[in-house]
Amino acid sequence: MMRAIALPLFLLLGACTLRPLYSGGGDGLVAQSLQSVAVAPIEGRAGWLVRTALEDRLSSNGGAGARFRLQIELDDDITGFGIRADNSVTRERRTLRARYQLVDAALGTVLLDATAGSDAGIDVVSSEYATVAAEQTALERLSQDIADQIVSRVALYMARTGEAR
């Protein structure tokens, strides 16, 4: 009975059009296309963190001969909540949102316009130093998350549209 059910499912799986995004590893079409993406400068400390994370993931060659350019605007916000009776904050939420555009460097046309975002909770403690350190650590983690989201979306765009050449 199990074989009778498993055989048709196995045959259907073979008809699936699922393909690995990074097939070929670092020499694959998508990986090679990602290397031709230059990241435009982004304002602020969060911008520096996101740009550095993106350049690491894209294996960018510093913009020389780049076919594409990523333009990114960030919105970094810290909101306090968990208010005590004395109006002091006990918890914060740091939110980092990015609006990014993948632009054809030669034509200047926008190929992809999307957003990415992530947030983190921060405990506010009696030590101001510890709270500031937690806020900075959260920003570093959020920058990594944003970079991962952007690279995944750009890679998917390139694979789907045939830009990976």
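Not measured: the values here are computed from a predicted model. (Residues numbered from 1 in each chain as written. Predicted model: local features only at pLDDT ≥ 70, side-chain atom pairs only at ≥ 80, totals over all residues. Heavy atoms only, no water.)

Draft legend 1. Local environment of unusual backbone geometry. Of note, N87 is a non-glycine position whose phi angle comes to about 65 degrees, a positive value. In this fold, N87 is placed in the loop between β2 (68–83) and β3 (89–104). N87 sits in the exposed class, given a relative accessible area of 64%. (Helix = DSSP H or I, 4+ residues; strand = E, 2+ residues; numbered from the N terminus. Buried < 20%, exposed > 50% of the residue type's maximum accessible area, 1.4 Å probe, protein only.)

Draft legend 2. Quick peek at the side chain of T131. Within the secondary structure, T131 is located in helix α4 (residues 128–161). Accessibility expressed as a relative area gives 7% for T131, which makes it buried. Separated by 3.3 Å, the side chain of T131 and the backbone nitrogen of V125 make a polar contact. Those residues in contact with T131 that lie beyond four places of it in its chain are E92, D123, V124 and V125. (Polar contact = N/O pair within 3.5 Å; in protein donor to acceptor, adjacent residues only side chain to side chain. Contact = heavy atoms within 4.5 Å.)

Draft legend 3. Spatial organisation of helix α3 (residues 44–58). Here α3 is 15 residues long and its end C-alpha atoms lie 21 Å apart, about the 21 Å a rise of 1.5 Å per residue gives. Among all positions of α3, only A46, G47, L49, V50, A53, L54 and L58 are buried. Down the axis of α3, the buried side of the element spans an arc of 165 degrees, and every buried residue falls inside it. Opposite the packed face of α3, turned more than 90 degrees from it, sit the exposed residues W48 and D56. Residues of α3 that are buried in the fold lie against α2 (29–34), β1 (37–39), β2, β3 and α4. The positive-phi residue at the C-terminal boundary of α3 is S59, with phi of around 55 degrees. (Expected span 1.5 Å × (residues − 1). Arc of directions from axis to C-beta.)

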